[in-house]
Each structure stands twice: as C-alpha cells, then as structure tokens.
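In case you want the letters, here they are:
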Amino acid sequence: MKIGANFPAKTPEGPIEDKWTSYKNKIDLVNPANKRLIDIIVVGTGLAGGSAAASLAELGYNIKAFCFQDSPRRAHSIAAQGGINASKNYMGDGDSDYRLFYDTVKGGDYRAREENVYRLAEVSGNIIDQCVAQGVPFARDYGGLLDNRSFGGVLVSRTFYAKGQTGQQLLLGAYSAMNRQIARGKIKMYNRHEMMDLVIVDGKARGIIAKNLITGELERHSAHAVVIASGGYGNVFYLSTNAMGSNVSAAWKIHRKGAWFANPCFTQIHPTCIPVSGDHQSKLTLMSESLRNDGRIWVPAKEEDVKAIRSGALKPTAIAEADRDYFLERRYPAFGNLVPRDVASRAAKERCDAGFGVNATGEAVYLDFAAAVIRYGKEKALVTHQDANNEVLVLKLGREIIATKYGNLFQMYEKIVDENPYETPMMIYPAVHYTMGGVWVDYDLMTTIPGCYAIGEANFSEHGANRLGASALMQGLADGYFVLPYTIGNYLAKDIRTGTIPVDTPEFAAAEKGVREQLERFINNKGSKPVDYFHKKLGKIMWNKVGMSRNGKDLKEAVEEIQNIRDEFYKEVKVPGDLEGFNEELAKAGRVADFLELGELFAKDALNREESCGGHFREEHQTAEGEAKRNKAFQYVAAWEHNGAPKDANLHKEMLDYKYIEVKERSYK
Amino acid sequence: MDLKLKIWRQKNAAAKGKIVDYDISAISSDMSFLEMLDVLNRKLIEKGDEPVSFDHDCREGICGSCSLQINGRPHGPDGGTTTCQLHMRKFKDGDSIVIEPFRAKAFPIVKDLIIDRSAFDRVQHAGAFISVNTSGNTQDANATPINKGNADHAFDAASCIGCGACVAACKNASAMLFVSAKVSQYALLPQGQVEREMRVTDMVSQMDEEGFGACTNTGACEAECPKGISITNIARMNREFIGSNLKS
C-alpha cells in the first residue's frame, strides 16, 4: 500500500522555490481573538519544543508545555556542540538555499522528501537573524561580524557556532523566548512531568495523561492539538551520546495510538566519540564534528606499531608520518577528514576490524591536532611579528588558538580520559548519536493522527538516511519557530467554536486507567533484576546486530532475541518503591518497556530495507570498494502502522520522487 | 578501590533527613562519580532497598542537572567540573565520602539528593529575555556588528549552566553570580539595551523575593563554579543596578 491512499504528504504544487510561500498564502488563518480560545500541548522543551511553545504562545494560543527535567533549559539540545547551518553565504563561497537543499538531500542519501528539505533551507537564514535578535552570542570575527566554519559533507563554510556550546546557546535563546511567555501567562510550564499517553476523542488528538514525577500523581490535560517534540530514540542502544533521560516513550505512545513510525533503522553513528572504557559505562561523550576541521584521523600503517602502542611500548607521537595511515584522506581525497558521518564511522570501523585499533580493546582511532597547532602557531607568529621558526613559540601560540576554538571539548576529553589532547592525539570511536527515523509526518508536520504533530528529532524529518553535521539544530528551530506556527493554524482554524475540551470523559478515564495499570504492574512485579539489566542487554543486541553494519541473518536473530528479552523483562523486572512520590526506577521501567518494542520494529525495518543507504549499511549490499549500494526499489519512506506487537506492524510506503535533484551515486572521493 | 559513603537520605520534602553509611567496593578509577552511585543503586535495588535519588541527565557537564555537595564542596574536589564529569581517580582507596544535597533556603529538598531549583527559573521569568517576537522578521544578523570583546564576554557569561553551585558555595546562599551572568550577557550586547534598566531591577527584585542571601564579596561562587563564570559579572550587575535606580 502506498501512503498516498490514506495519508497524502500534502506537499504543495508549483516550482520548489515557491511552494512554501504559496502554501503560506493559501492556508486558513485563525483570528487573534479566537487564538485565545485554543489550547495546545507541547511535549518536550528542546530546540523544537521550546521554540514552538514560545512562537505559538506569541501568536496568542494557550500553551501547556511539559518536560521531564526540572527546567526546560535542561533538554538535551543543550548538549549539541558544533554549530548550526544556514545558507547565508556570508563567506561568499557560493552558498545558496539550493546548495543547502542539495547537500542535505545528497547527504541523506536521497531518502528525504524534497519539498520539506527545500523549505528547511529556505528558512535557515531566518533562524540566524532570529537568534541574534534574541541575544544568542555567536562567535564573531574582529570586524564584529559572524564567523562560520565547515562541517562534513559540504564544500562551503555555512556553520554558525558559539565555541563548542552552540546547542546550549540556542536552547537558552529558545528558553528565554519561553520565559517571556511564561511571564505573560501564555505558557503554563509543567516541569518534572512525563507524558504517559495520548488521548484521542472522536478520532482527534485532544489531550494527554501526564505523570507528576515528584508526587507520582496522574493528571489529565486537554487541548485542541498535541505537539510531540520529545527528541530521538538513540538510547535504545543503552550506550549513546543522548542524555540519560532521553527516551522514545512520547513518540511510541502516539505510535501505539495510530501514528505511523517511519524509517526506524535510520540511525546516525557519530564517528568522533570518546571510546568505551569499561562495563560500568553509563553513557558516551561526543567530541564535536567541528574537530574534524582541524584534526586528522589516522591509525598506524604497520601492525607491529599497533601492538607496541597497545602494550604501551610506543607513543603515537613517536610514529613517523610515513608510518601513519590517514585513512579518510587516503580513501576520500576530495573531502578528506570532512566526509559525512556515516562514511567516516564505517571507515574507522573497517580499520579497527582489520586489527589497527589503537586502544586496549582495539576499538579506537586517533584524531590528531599536531599539524593544525603548527599551522595556526606559524600564522599567529607571522601576524604578530614574532619568530615563526621558533618551535617552542609556534607550539605555544598554536595551542592557544586551538584552545579558543575547542577549549571546552579538550577539557572534557582530559577529564574523561585523563590524557592531555594538546600533547597526544585524542582517541575516538563511533557511537550512536542521532536518529533520523521517527514519527511520520506530512508537509504540515502532522502525524497520521489528526491534531497530533511531531517536530524536531522526534519526526522522521528532512535528513533522510543520514544527517549532515550542524543540521539538527537547524531543523529543530525551523520546525518550532517558522514552520509549525503556520501549519498548525491551518488545522486549528476549524476548531474555533469547539470550546475547552473536557477531561471528565470516558476517553480520558480509559487512557488514565491504562497508564495506572501498567505502573501497578511494574510495582507489584515480583522480579529480581533492575531495569538497567534489561536495558543493557537490549543495547548489546542493538549494537552488535543492528549497529554500524547489518546483515539479514543477524537481524533475524535480533528480532527474536529482543522478543525474548521483552518477555523476560515483564517477568523478571524489579521496581522498588511505590506509586507515590519520586521514583526514578519506575519512570525508567516505562521507558525501557517502550524501547523493547521500538528495538524490534527497528530491526524489522532494517531487515526489510534490502539496500545500503546513509547510516543503514547492509553487508549484502555494497560496492566492490565497500561503499553503500542503494537500491532504486527502496527509494521510499518505510512508515510502520502499529497493529498489536511490533512483528505485526503494517508497512506503508511513501515513494520518493526527485524532480529537482538528480539521484546519483553518492561520492566523496 | 573500596570506599565509605555517607549519604543524605530524605524520603520527601516534609520528612526529616539523615546521613546513612554505605560501604562500596571494586570501584574503578575510570568511573565517573555518578557511575559509582549507579553501582551503589544497583546493589540497593537487588537487596530490595530504595535507591538513592539524585538529579542527572546529560552526564557531559552541560545540562546543569547534577549537583551534590561532595565532602563539603559543590561538585566535589576537582575544580572547574560538574559532578557528572568528576572521575573516581580523584579519590583514593579507603576514602570516606560525604554526599549531601546543595543546601540553601531557596533550594528546598525534594528527595534524598534532589533539590528544587525552580527559584532560578522564576528569576529568569522576571526579565531574562529580549522582547523580540520569533517571527524571523528581524534585521539581518550581520546588520549590527558587535565588538568581538563584548561578544566574547557575553558568551562567557551565557555559558552558565544554572546548576546552583554558586548558591551552594556561598555562606549567604546568594544567587548573585547566577543572576549577574544573565544580566551581563544582555548588557554587553546591543540587542539587550532597550530593556536594560528594567531587566536588572526586575531580576534583582525577584532574586530577593526567592530568599537568596546578599553578596558579601567572598568569591566562593567563582571558585566553585564548574564553568568558571567570573565575579566581574557581579560588579557589572551592581553597576547596572545602581545606574538603573539613579535613572528611575
């Protein structure tokens, strides 16, 4: 079945440059006086949810915003490091909306919807204007103008940044916009509240059941529309760069209620993360992609050097240039160290699998700044009229420049690994970072449930099968500031006479009862194993069999193994404490229960997709050189409809049509 | 390594709390402090006890969720770091470690080591924003060049993570470092000028209302701040505040 049959993507007609403008000209508007009669629930307060809540409140709607953290400012968008893309062309290096659109579609390996991506590129410049107006302190040059840097997969410098804390600064910008509306009473903020289920009345999303995480009470909240902005599901791998609390539950609850879940197997494994140090590890830490601007990735070229390094007999700095294998520069001369993330990750894995990994477990490669330190140091010595041949001076000056660019990242690395990255190369290895898959949405960002929207990382979005660096922040803010505030009006215009949705109805009662029963089941379970035991077990299967490279045999095993863990979980899980009061283990149990279902659908989706594309690499489908091999037959979005257990989910295909970009073999050589 | 932990346990906001002793063994020096607490909690759950509740989320030192007064110091013995980035290699085999929540009247205890920092949010609601609509119909981002020095200082102030260590470190439980960081960020940028005077007055007044103490310039806040926020921000806020009051 094709999506067109029931749920058209509703992309507007006309040339691609005009679609968004003509769409905006034709949508239904809600008069300002009527906006006051309409309530909207926003779940999640990261870049997408925070910017949406603030913008919708500004327009006049009554917003109820929910986050499980103790403040909206703590959403995990805060941890984004490197930057945000925009087609401003401030560098004059030939950038344009079309190029950003092209790079994003190509980077996503031709698995995203053209119209959505073009709109994203079109509003990207506005985001920067908006954030500067809000007082976001982006990096500037000495002339006082905004600075840019390069990210992977592109040939222009279009990434705006605030040191290695761009996500923090953008989120605090959105948070400040929220604060303004909270002060005006237009946003009612529910901190430490978790969405437990969606309530559907007469086929429309009309509210949620939320749990107050401090008191344990279940609450009914009604609205005319519900916006899910709850982020991605990378924690299905247990170890990822996501925050400990990041979860799929809000997205999964709406999936269970009828929202289709698209491309779950499209997951981004980020090439530059700090390697795992032991079994106690609770999460992984990213080292921003921006480091690849100046860092060179390598492993020793000779096996005896690898052995000596692992035993501690040899230091990496003692290995001569000729004996190093800069494998990205060797394999991809045009893009070098700045190939897209999926390509860089697989190349690192390939070297480590071949036995060239440089740490004790053989799962690490070097990211080396020595050349950049000398280059910067010499330049600084020259412009300050000092001796550019003085090695000590050059080293000192170069390290200072590196510190101003990446200081906080180097400090973080040193804290975790206990090595000084100014003196010895960093060790890095790929880790789960971002999920391109998510809830299926149409051009309006509405899910298959009328009145229920999904924005930011929570939807399946514009990144196709692989997201380019610095594009997540762009998409989150585009959805929240500039897209949803228009598209949601088109739906709500029909709701101006509805009046407040009552919560004392059978629909709310039934949803609340279902939630309460699951919570009671966990508390009353007579198991003996903590929630984390199952989460870790799930994560190991996901990483080993559904991770960076996949094959049919492993995937089939994974589906079965996940089903078994799920059964074991419900029999054996032990949740201490009671229903009342703060109980983190109880919250975790609910989240892991959902991961155990999503994990199976994820593997099933990967099994279905008989091709390699972007972050999805099937060993059966590769070129002679080991690159991803796409299959035209799979040029579609796989949208799964819930139908009981994940194994019974129905597949709907949204075929992707490329009118403005020629689909080509993705090459970065 | 083997450790003796002395941890503050308190069932809820209304209950009385106390220090409870726990012995823990086989802790690797590569673990983070919170991973060490994870090990303790796993053991407690397996024994049928309630785990120790503490706030945490990103575990990479940026979300500001984690807190903890460790051996009397906010975020523990290692300077310039949050508890989640504190590693056990900073401790020795056989050490006793006292773990308490941040203590301040304005940060009531929720449970065990979890505190309520919503006072910080309310101070921000009072004026920590620039009143510009999110329509995107603003001027081009490069229309107003900003002196790099000011932009960099604004960034340094804006890098506050809102963890509350400054309040916990201060003998008066003052929030001046936190509030002044936000006031400074906007005071240093041209976009912040229009509401400059109102902002500082409103935020300071809300800060007082929340029950934070006064600043007596001891500098403990700066010394314990995991992000190195400078007390020059406090000086700037004082100047802003006096300037604003003189004009009104």
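Residues numbered from 1 in each chain as written. Chains lettered and ligands numbered in written order. Predicted model: local features only at pLDDT ≥ 70, side-chain atom pairs only at ≥ 80, totals over all residues.

Caption draft 1: How the structure looks around the packing of helix α5 (residues 176–187) of chain B against helix α6 (residues 196–209) of chain B. Residue and element names in this part refer to chain B. Look at α5 against α6: their axes get within 10 Å of each other, and the N-to-C directions meet at 175°. Classified by the interaxial angle, the pair formed by α5 and α6 is roughly antiparallel. Of α6, the residues touching α5 (which contributes Val 179, Val 183, Tyr 186 and Ala 187) are Arg 196, Arg 199, Val 200, Met 203, Val 204 and Met 207. Taken together, the residues that form the contact of α5 with α6 break down as eight nonpolar, no polar and two charged. (Axes fitted to C-alpha atoms, helices over the stretch in contact; angles between N-to-C directions. Helix = DSSP H or I, 4+ residues; strand = E, 2+ residues; numbered from the N terminus. Parallel < 35°, antiparallel > 145°, perpendicular 65-115°, else oblique. Contact = placed C-beta atoms within 7 Å. Nonpolar A, V, L, I, M, F, W, Y, C, P; charged D, E, K, R; others polar.)

Caption draft 2: Fine view of the sheet that holds strand β8 (residues 218–222) of chain A. All names here are of chain A. Strand order across the open sheet formed by three strands is β6-β7-β8, with antiparallel pairing between neighbours. On the outer flanks of this sheet lie β6 (193–201) and β8, each paired with one strand and no other. The average angle at which neighbouring strand axes cross in this sheet is 25°, direction not considered. One ladder, built from five bridges, connects strand β7 (residues 204–212) with β8; its direction is antiparallel. Bridged to Lys 211 within β8 is Leu 218. The sheet contacts of helix α14 (residues 506–524) involve β6, β7 and β8, and relative to β6 the element is tilted by about 140°. (Pairing = 2+ DSSP bridges.)

Caption draft 3: Focus on unusual backbone geometry. In this structure, Lys 10 of chain A takes a positive phi of about 60° despite not being glycine. Within the secondary structure, Lys 10 of chain A is located in the segment before α1 (19–26). A residue is classified by how many C-beta atoms lie within 10 Å of it, and Lys 10 of chain A, with 13 of them, is partly exposed. Here Ala 26 of chain B, not a glycine, exhibits a phi torsion of approximately 55°, which is positive. Along the chain, the position of Ala 26 of chain B falls in the loop between β2 (18–24) and α1 (33–47). Here Ala 26 of chain B falls in the exposed class, since 8 other C-beta atoms lie within 10 Å of it. (Buried ≥ 20, exposed ≤ 12 C-beta atoms within 10 Å, placed from the backbone.)

Caption draft 4: Seen up close, the sheet that holds strand β11 (residues 267–273) of chain A. Residue and element names in this part refer to chain A. The five strands are arranged β11-β15-β14-β12-β13 in an open sheet whose pairing can be described as antiparallel. The open sheet has two free edges, formed respectively by β11 and β13 (324–325), since each of these has just one partner strand. As paired strands, β11 and strand β15 (residues 426–435) are joined by five bridges and run antiparallel to one another. When the sheet's bridge partners are listed, Cys 273 is paired in β15 with Tyr 429. Across the sheet, helix α10 (residues 341–356) is in contact with β11, β12 (296–300), β14 (365–368) and β15; its angle to β11 comes to roughly 65°.

Caption draft 5: The arrangement of the domain arrangement of chain B in detail. All names here are of chain B. Assigned domains within chain B: domain 1 (3–110) and domain 2 (117–247). Just the C-alpha atoms count here: the centres of domain 1 and domain 2 sit 29 Å apart. Classifying every residue of the side of domain 1 that touches domain 2 by side-chain character gives seven nonpolar, eight polar and three charged. (Domains from an automatic or database assignment.)

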